[in-house]
Amino acid sequence: MPQTMLTLSTRGQGLYEFTDQANAFVRQSGMEEGLLTVFVRHTSCSLLVQENADPDVKTDLNNFFRRLVPPSSDPSMRWVIHMSEGPDDMPAHIKAALNQVSIGIPVGNGRLMLGTWQGIYLFEHRDRPHRRDVVLHLGP
C-alpha cells in the first residue's frame, strides 16, 4: 500500500491547501479505487476538507477560531495553565482538539472524490512558522 510524508511549511496561523500534492500522490500510486487516509503528526494544527473557491472562507474560518479560542494572554483565558511555548500554545492545542488530525477521502477512477469546490487543508494554529509532517496512506 502506497504511503508518503509531505512536509508543509506554514507562515503562522491559517489554512494551507495541499490538494494538488495529495492528487499527485494518488495518480502516481496507480490505484484506481481505495481510501486516502491523511494524518498530521502534530498536536497544534489540524486538517480540514473545506471550500477552495472563495478565499473569504479561509479568512472567516481563521477569524472564527481566533474569536472562539483567543490567545492565553486574553483575559477570558486566565484559566489556562499550559503556556510553556507562549500565549498561542494551549489555544493551538484546543483548536486542534476541536478539529481533526486524520481524515479519509475516497478514491475512484484514480482520483480523489472531492466535490467541485473542496480542497484539503492543513489548519495551522500557531503564530510562528512551522514545518508540519502530513502522512498520506492509500489503502484498498
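Here the structure is shown first, and the text comes after it.
Residues numbered from 1 in each chain as written. Predicted model: local features only at pLDDT ≥ 70, side-chain atom pairs only at ≥ 80, totals over all residues. Heavy atoms only, no water.

S.K.: Could you give me a rundown of the overall build of the protein chain, with the residues and numbers involved?
M.R.: Across its full length, the protein chain carries 3 helices and 8 strands. If you list the helices and strands of the protein chain from N to C, you get β-β-α-β-β-α-α-β-β-β-β. For the C-alpha atoms alone, the extent of the protein chain along its principal axes is close to 50 × 30 × 20 Å. Looking at the 140 residues of the protein chain, the share that counts as buried comes to 46%. Taking the intrachain contacts of the protein chain between residues at least 6 apart in sequence as the baseline, contacts between residues at least 24 apart amount to 80%. Approximately 7,800 Å² of the protein chain is accessible, and the part contributed by carbon and sulfur atoms is 51%. Within the protein chain, one finds 13 positive and 15 negative side-chain charges whose respective centroids are separated by 5 Å. (Helix = DSSP H or I, 4+ residues; strand = E, 2+ residues; numbered from the N terminus. Buried < 20%, exposed > 50% of the residue type's maximum accessible area, 1.4 Å probe, protein only. Contact = heavy atoms within 4.5 Å. Areas by Shrake-Rupley, 256 points an atom, 1.4 Å probe, with all protein chains shown as cover. Lys, Arg positive; Asp, Glu negative; His and termini not counted. Charge placed at Lys NZ, Arg CZ, Asp CG, Glu CD.)

S.K.: Can you explain the side chain of Thr-19? Please cite residues and give values.
M.R.: Within the element layout of this structure, Thr-19 appears in helix H1 (residues 19-29). Apart from the residues lying within four places of it in its own chain, the contact partners of Thr-19 are Leu-114, Gly-119 and Ile-120.

S.K.: Go over the sheet that holds strand S4 (residues 45-51), please, and point to the residues and values.
M.R.: Read from one edge to the other, the open sheet built from 3 strands follows the order S2-S7-S4, with strand pairing classed as antiparallel. Only two strands of the sheet have a single partner each, and these edge strands are strand S2 (14-17) and S4. Direction aside, neighbouring strands of the sheet carry axes that sit 35 degrees apart on average. (Pairing = 2+ DSSP bridges. Axes fitted to C-alpha atoms, helices over the stretch in contact; angles between N-to-C directions.)

S.K.: Lay out the sheet that holds strand S5 (residues 102-108) with the relevant residues and their values.
M.R.: Taken together, 5 strands build an open sheet; the order of strands is S1-S8-S3-S5-S6 and the sheet is antiparallel. Looking at which strands have only one partner, the edges of the open sheet turn out to be strand S1 (3-9) and strand S6 (111-112). Summarising the sheet, S1 and strand S8 (residues 131-139) pair through 7 bridges and their orientation is antiparallel. Note that in S8 the partner of Leu-6 across the bridge is Val-134. Running over the sheet, H1 touches S1, strand S3 (34-40), S5, S6 and S8 and is turned about 35 degrees from S8.

S.K.: Please set out the nonpolar core residue by residue, giving values where relevant.
M.R.: Judged by nonpolar contacts, the single largest core of 23 residues is most densely connected at Phe-18, Leu-36, Val-38, Leu-112, Leu-122, Val-134 and Leu-136. Residue contacts for Leu-122: discarding those within four places in its chain leaves Leu-8, Thr-10, Gly-14, Leu-15, Tyr-16, Phe-18, Val-40, Cys-45, Ser-46, Leu-47, Arg-132 and Val-134. Counting residues in each nonpolar core, the second largest holds 7 residues, with Val-57, Leu-61, Tyr-121 and Phe-123 among its members. (Core = buried A, V, L, I, M, F, W, Y, C linked by side-chain atoms within 4.5 Å.)

S.K.: Tell me about the packing of aromatic side chains, and name the residues and values.
M.R.: Under the definition given, this model contains 2 aromatic pairs. Arranged with centres 5.2 Å apart and planes meeting at 85 degrees, the rings of Phe-64 and Phe-65 form a pair that is edge-to-face. Judged by its relative accessible area of 45%, Phe-64 is partly exposed. Ring centres of Phe-65 and Phe-123 lie 5.4 Å apart, and the angle between their planes is 85 degrees; this geometry places the pair in the edge-to-face category. With a gap of 58 residues between them, Phe-65 in helix H2 (residues 55-68) and Phe-123 in strand S7 (residues 118-124) connect regions that are remote in the sequence. (Phe/Tyr/Trp six-rings, centres within 6.5 Å; stacked < 30°, edge-to-face > 60°.)

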